[in-house]
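Residue-level listing of the chains:
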Amino acid sequence: MSLTIVGSVAFDAIQTPYGQTDKIIGGAGSYICLASSYFTKTQNVIAVVGEDFPEEYISILKDHGTDTEGLQIKKGEKTFFWSGKYHENMNSRETLVTELNVLEHFDPIVPDAYQNTEYLMLGNLSPIVQRQVIERLSNRPKLIVMDTMNFWMDILLDELKKTIAMVDVLTINDEEAEQLSGKKNLVEAAEVIMEMGPSTVIIKKGEHGALLFNKEGKVFSAPALPLRQVFDPTGAGDTFAGGFTSYLAKTGDISFDNMKKAIIAGSALASFCVEKFGTEKLVGLAEETITERINKFVELSQFDTNI
Ligand code: AMP
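Residues numbered from 1 in each chain as written. Predicted model: local features only at pLDDT ≥ 70, side-chain atom pairs only at ≥ 80, totals over all residues. Heavy atoms only, no water.

*Asks:* Report on the site of the ligand, specifying residues and quantitative values.
*Replies:* Around the ligand, the surrounding shell holds 18 residues, and the nearest of these are Ser8, Asp12, Gly27, Gly235 and Asp238. Between the ligand and Arg93, the relevant distance is 2.9 Å, taken from an oxygen atom to a side-chain nitrogen or oxygen of the residue. Bound to the protein, the ligand loses 93% of the 510 Å² it would expose on its own. Those elements that place two or more of their residues in the shell around the ligand are β2 (10–16), α4 (150–155) and α8 (236–251). Here the shell around the ligand takes three residues from α8, the largest share from any one element. (Near = heavy atom within 4 Å. Polar contact = N/O pair within 3.5 Å; in protein donor to acceptor, adjacent residues only side chain to side chain. Areas by Shrake-Rupley, 256 points an atom, 1.4 Å probe, with all protein chains shown as cover. Helix = DSSP H or I, 4+ residues; strand = E, 2+ residues; numbered from the N terminus.)

Put into structure tokens, the structure is as follows:
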């Protein structure tokens, strides 16, 4: 098993009805690395930050087993910055600022040690960069999982479609699935997206869980844990994707049945992510705490079939 993660490593500033943060560690890549650390001992990261990115933030990733040889630090440049605001309804958010900075001319380097990676998680980032990483790997990984967002659909749709055509699994939220496919119905949306290339599509529905579809017509519905308080949903989607992919990497089994387990693993980690600001809750989680949470998901959706 080996897992390589591509994605933004960033500064985020978040506003929710419960408070707000200054620039804290964020980015899809950071969430995915932290989530993955609970299933894989090490994970490689391919990303870029500016000179302003604190060493202590990089240490958080390293302390969770992340190999940072593929993390470029650009002298004299600024780290990607994103700011978002959530209103009373935590399911919808407003992007206040997206400063690409160092991401604007990101030329990803794949270190030799990452070349034979078996699992590749393309976290949210320019679809051109995501594709460059696939092309710069000498062997195609056993499984490529990709996540994206409306930002890239708005500005680079053709490039996005080219990259989607090269991956095995696409994770996407419900609104974005509608935007990408032109279909309001999620079953139809998944079918249209699978025609674009991926054999599996996961549609994330925030507090309503996630749906897994594959080209053979199989479907699985995973719940989200009903929580009294969602403190900050930022990064939940990335955490979910990281938990999903790293569970598959850990078990080495990419069957539909194992993907069902992987979805629950991802959902459990995402349920921690939303309990505190940013990545705070994903740092230093104990194994028993995760196991207890996974068991809650089992209880939540288990019923006697003798009706
Ligand atoms: P999520 O809440 O899972 O959609 O992901 C939130 C994370 O995505 C934040 O930590 C942001 O830094 C990151 N992000 C937001 N916009 C972009 C973008 N255009 N490209 C890459 N990462 C982004």
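Once you've had a look at it, read on.
*Asks:* How would you explain the packing of α8 against helix α9 (residues 256–273) if you had to name every residue and give the values?
*Replies:* Viewed as axis vectors pointing N to C, α8 and α9 meet at an angle of 140 degrees, and their least axial separation amounts to 7 Å. The orientation of α8 relative to α9 falls into the category oblique. In the packing of α8 onto α9, the handedness of the crossing is right-handed. Residues Ala236, Thr239, Phe240, Gly243, Phe244, Tyr247, Leu248 and Thr251 of α8 form the contact with α9, whose participating residues are Asn258, Met259, Lys261, Ala262, Ile263, Ala265, Gly266, Ser267, Leu269, Ala270 and Cys273. Residue composition of the contact of α8 with α9, by class: twelve nonpolar, six polar and one charged. (Axes fitted to C-alpha atoms, helices over the stretch in contact; angles between N-to-C directions. Parallel < 35°, antiparallel > 145°, perpendicular 65-115°, else oblique. Left-handed = near helix turned anticlockwise from the far one by under 90°. Contact = heavy atoms within 4.5 Å. Nonpolar A, V, L, I, M, F, W, Y, C, P; charged D, E, K, R; others polar.)

*Asks:* A description of empty space enclosed by the protein should follow, citing residues and the corresponding values.
*Replies:* Scanning all chains against the criterion turns up one cavity of 30 Å³ or more. Taken as a whole, the largest cavity holds about 30 Å³ of empty space. Lining the largest cavity are Leu100, Leu103, Phe106, Leu125, Ser126, Val129 and Trp152. By residue class, the composition of the lining of the largest cavity is six nonpolar, one polar and no charged. (1 Å grid on protein atoms, 1.4 Å probe; cavity = no way out; pocket = protein on both sides within 12 Å on 5 of 7 lines; lining within 4 Å. Points joined across faces, edges and corners; volume = space filled by probe spheres on them.)

Geometric values such as these leave the question of function open.
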